[in-house]
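Structural overview for review
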Amino acid sequence: MSRTMPTKGLSARSGRFAGATASSRHAWRVAALTGLGAAAYTAWVLEVVLSTGLNPIRTYVSELAAQDQPLGGLFRATDFTAGLLVFAGGLLALVRLARYAACRRPWAVVGWAGITLFGAATAADAWLPLSCTPTADPECAARETAGLVPATHQAHAVSSSLAMTGALVGIVALTVAARRYGWFAPLARYGPALVVLELLATAWTLTAIALFTAGRGTWALGAGQRLQVLLVALWLGLLAYSVHAERRT
């Protein structure tokens, strides 16, 4: 006695399996790109073992990549790599959100858009380096105040501001998404603490920059900014782990 195979049921199950496999591969790519970008974004810690001649408590992180610094090329390369990797990861996540309406939640879209902006602006930073180190070199600071430095100084300030704005938007929005939508359990658990610390570090950095610009010293500007970018990298690493663990964006 012959039996007819339920081909329709098999096709549906095969389609779901193929869709799940594609989703898993996509999430793995996003996680890998974001995680590698986070690692590259911490390249400035090499100043602990390399002789840069810059005081990490006083100086901008971006001064490591200044054109007059002997290791400037190395730090510009790592900045560009970090930005490009995170940009690619964010863009892939946005493509998936555009394809699947079920995943297209407002906080998620805003968050991944912020991450993508952060990546693009960080990569742009590498092509708009400072010509000298204003916090370490009084002559450079005087030229900057008088407007006698290359236009890349102003352009660098704009791209750096865009990068940090994108990072803050992404950090806050995706942490809210994780808690509101029940996504990314590791991010939902540890993300809020990192958000608070990041906002405090940003306030410290902005205050120190304002005081330095007003000629009132650096107020540990370098320490505040290094804490700020370190927390961004830690949060990106947590995001990458969460995406990989849950196979979703």
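Structure report, in brief. (Residues numbered from 1 in each chain as written. Predicted model: local features only at pLDDT ≥ 70, side-chain atom pairs only at ≥ 80, totals over all residues. Heavy atoms only, no water.)

1. A short note on the overall build of the protein chain
- Looking only at helices and strands, one finds seven helices and zero strands in the protein chain.
- Traced from its N-terminal end to its C-terminal end, the protein chain shows the element sequence α-α-α-α-α-α-α.
- With respect to the principal axes defined by its C-alpha atoms, the protein chain has extents near 95 × 30 × 30 Å.
- For the protein chain, with 249 residues in total, the buried portion stands at 43%.
- Look at the contacts in the protein chain between residues 6 or more apart in sequence, and 74% of them connect residues 24 or more apart.
- As displayed, the protein chain has an accessible area near 12600 Å², and 67% of this comes from carbon and sulfur atoms.
- Of the charged side chains in the protein chain, 20 are positive and 10 negative; the average position of the first set lies 28 Å away from that of the second. (Helix = DSSP H or I, 4+ residues; strand = E, 2+ residues; numbered from the N terminus. Buried < 20%, exposed > 50% of the residue type's maximum accessible area, 1.4 Å probe, protein only. Contact = heavy atoms within 4.5 Å. Areas by Shrake-Rupley, 256 points an atom, 1.4 Å probe, with all protein chains shown as cover. Lys, Arg positive; Asp, Glu negative; His and termini not counted. Charge placed at Lys NZ, Arg CZ, Asp CG, Glu CD.)

2. As for the nonpolar core
- Core analysis: the largest hydrophobic core is formed by 46 residues, its most contacted members being Trp112 and Trp235.
- Counting residues per element, this core draws most heavily on helix H7 (residues 221-246), which supplies nine residues.
- The contact partners of Trp235, leaving out residues within four places of it in the chain, are Ile115, Gly170, Ile171, Leu174, Thr175, Leu187 and Leu194. (Core = buried A, V, L, I, M, F, W, Y, C linked by side-chain atoms within 4.5 Å.)

3. Comments concerning the state of the cysteines
- A complete count under the given rule lists one disulfide for this structure.
- The disulfide partner of Cys132 is Cys140, and the gap between their sulfur atoms is 2.0 Å. Where Cys132 bonds to Cys140 through sulfur, the torsion about that S-S bond is close to 70 degrees, and the disulfide is right-handed.
- Assessed through its relative accessible area of 2%, Cys132 is described here as buried.
- Given the relative accessible area of 0%, Cys140 is considered buried. (Disulfide = S-S within 2.5 Å.)

4. Comments concerning the packing of aromatic side chains
- Applying the stated criterion across every chain, the model contains five aromatic pairs.
- Between Tyr181 and Trp183, the aromatic rings sit 5.1 Å apart at their centres with planes inclined by 55 degrees, giving tilted as the arrangement. Trp183 shares its class with Tyr181; the two are buried.
- Ring geometry for Trp183 against Phe184: centres 6.1 Å apart, planes inclined by 75 degrees, an arrangement best described as edge-to-face. (Phe/Tyr/Trp six-rings, centres within 6.5 Å; stacked < 30°, edge-to-face > 60°.)

5. Side note on a nonpolar patch on the surface
- Taken together, the side chains of Val45, Leu46, Val48, Val49, Leu50 and Leu74 make up a nonpolar region of the molecular surface, amounting to roughly 500 Å² of accessible area.
- On the secondary structure map, Leu50 appears in the loop between helix H1 (7-40) and helix H2 (72-99). (Patch = residues over 30% accessible without salt bridge, like charges linked within 9 Å, V, L, I, M, F, W, Y side chains within 5 Å. Salt bridge = Lys/Arg side-chain N within 4 Å of Asp/Glu carboxyl O.)

6. A short note on the side chain of Thr218
- Turning to its location among the elements, Thr218 is positioned in the loop between helix H6 (185-213) and H7.
- Relative accessible area serves as the criterion here: at 7%, Thr218 is assigned to the buried category.

7. What about the packing of H6 against H7?
- Orientation of H6 relative to H7, taken along the N-to-C sense of each, is 160 degrees, at an axis distance of 8 Å. One element, H6, and the other, H7, form an angle in the roughly antiparallel class. Our pair here, H6 against H7, has a crossing hand that is left-handed.
- In terms of residue class, the contact of H6 with H7 is built from 21 nonpolar, seven polar and two charged. (Axes fitted to C-alpha atoms, helices over the stretch in contact; angles between N-to-C directions. Parallel < 35°, antiparallel > 145°, perpendicular 65-115°, else oblique. Left-handed = near helix turned anticlockwise from the far one by under 90°. Nonpolar A, V, L, I, M, F, W, Y, C, P; charged D, E, K, R; others polar.)

8. A few points about empty space enclosed by the protein
- Counted according to the given criterion, the structure contains one cavity of 30 Å³ or more.
- Of the volumes computed, that of the largest cavity is approximately 40 Å³.
- Thr52, Leu54, Glu63, Leu64, Gln69, Pro70, Leu71 and Phe75 together form the lining of the largest cavity.
- By residue class, the composition of the lining of the largest cavity is five nonpolar, two polar and one charged. (1 Å grid on protein atoms, 1.4 Å probe; cavity = no way out; pocket = protein on both sides within 12 Å on 5 of 7 lines; lining within 4 Å. Points joined across faces, edges and corners; volume = space filled by probe spheres on them.)

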